[in-house]
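Residues per chain are reported as follows:
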Amino acid sequence: MPSGGDTCSAAGVTCDQQYKEGAEHHLSKRSGAVGVVGAPLCYGQDKPGTKRGADAIRSSGFMEGLRNLGLKVTDYGNLNFIEFQRDPLCGAGEVQVLHSRAVGDATKKISAAVKRALQDNGACVNLGGDHSMTIGTFHGHAQMHHDPCLIWVDAHADLNTTLTTTSGHIHGMPVAFALEETERCIETLPGFEWCHSSISAKDIAYIGLRDVDPGEKYILDKYGICYFDMHSIERIGIGEVVEKILNTINPHRDRHIHLSFDIDALDPLEAPCTGTPVRGGLKLREALYIGEELHKTGEFLSVSYSIFCKQVYT
């Protein structure tokens, strides 16, 4: 990522412990209840360890941490996903898309589960699973609540389309599925007939970018998407970054917020349990601060954690 990535115009613990601590910050108490949805999705990339992520987070004491906050917790368990025997390569780009039917079917189930959890509880935590899960988690949130905004904390933009992908893995594309501006660049892939965009480019902001593909950078700049890379965070501090982001995409603090947090947003020294490490990332305390500030808005209703388990990601 080129240095100076600041485009918003303002009006040592284990990985499991990190997610437990994060759960105690990355959630609004507004309803007093929260639903937990396990999305052990691994078909969006090539490391099967991602399907162990949801259980790894739970085993860290995650549920107890939520209950200690005084929340009524409903665990909906893990969703079951189908591995299609016939799931051919597809897409119009030079690199074709992998496992389209499997990811499309899985994210449709995730969307329905998130919508139900929000209906039942008012707030939802989604445990992954590779980052293609967010196609479903944000879609479900948007089906339940009109006009949400999306904060994407990640080393990567996950904004490739079927024309720009260099890997064919859908975990690098979920934001392109969500945005109106890029939806037309994602031809209807097998399995995604149900999926449609939920927000526009003005409704999303990124924190922590440091590994962005050329096609993604073009889209970020073309549509004026708000983002802060690590250079910007180091220059002005995480506090000012979060304030500028909220002032840009949620200035009146009255829009529901969905946070998508990928473990690789953290520096690998903080979180070695990722299959996509990029040096120079967020510190744990900076990540917790993001959740604390979103909590203060009273509109923080849904969070999606994407995780790899180091012992099983290969």
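Here's what I pulled together on the structure shown here. (Residues numbered from 1 in each chain as written. Predicted model: local features only at pLDDT ≥ 70, side-chain atom pairs only at ≥ 80, totals over all residues. Heavy atoms only, no water.)

## Digging into the overall build of the protein
- Helices and strands together make up the secondary structure of the protein, namely eleven helices and eight strands.
- For the protein, with 314 residues in total, the buried portion stands at 61%.
- Accessible area for the protein stands at about 12,200 Å²; split by element, carbon and sulfur atoms hold 48% of it. (Helix = DSSP H or I, 4+ residues; strand = E, 2+ residues; numbered from the N terminus. Buried < 20%, exposed > 50% of the residue type's maximum accessible area, 1.4 Å probe, protein only. Areas by Shrake-Rupley, 256 points an atom, 1.4 Å probe, with all protein chains shown as cover.)

## Observations regarding unusual backbone geometry
- In the segment running from Gly 128 into Gly 129, the intervening peptide bond is cis, with an omega of 5°.
- Summarising the element assignment, Gly 129 is placed in the loop between strand 3 (124-128) and helix 5 (134-144).
- Not every positive phi belongs to a glycine, and Asp 147 is a case in point at roughly 60°.
- The topology assignment puts Asp 147 in the loop between helix 5 and strand 4 (149-153).
- One non-glycine residue, Arg 253, adopts positive backbone phi at about 55°.
- On the secondary structure map, Arg 253 appears in the loop between helix 10 (238-249) and strand 7 (257-262).

## Looking at the nonpolar core
- Ranked by size, the top nonpolar core spans 46 residues in total, and within it Leu 159, Phe 177, Phe 192, Ile 204, Tyr 206 and Ile 225 carry the most contacts.
- Contributing elements (two or more residues each) for this core: strand 1 (33-39), helix 4 (100-121), helix 5, strand 4, helix 6 (174-178), strand 5 (204-209) and helix 8 (214-222).
- Considering every element that reaches this core, the biggest residue donor is helix 4, with eight residues.
- Beyond its immediate stretch of four places on either side in the chain, Ile 225 contacts Thr 7, Leu 159, Leu 179, Ala 201, Ile 204, Tyr 206, Ile 219 and Leu 220.
- In this structure, Ile 57, Ala 205, Cys 226 and Leu 282 belong to the second largest nonpolar core, which totals 43 residues. (Core = buried A, V, L, I, M, F, W, Y, C linked by side-chain atoms within 4.5 Å. Contact = heavy atoms within 4.5 Å.)

The analysis is restricted to geometry; functional conclusions fall outside its scope.
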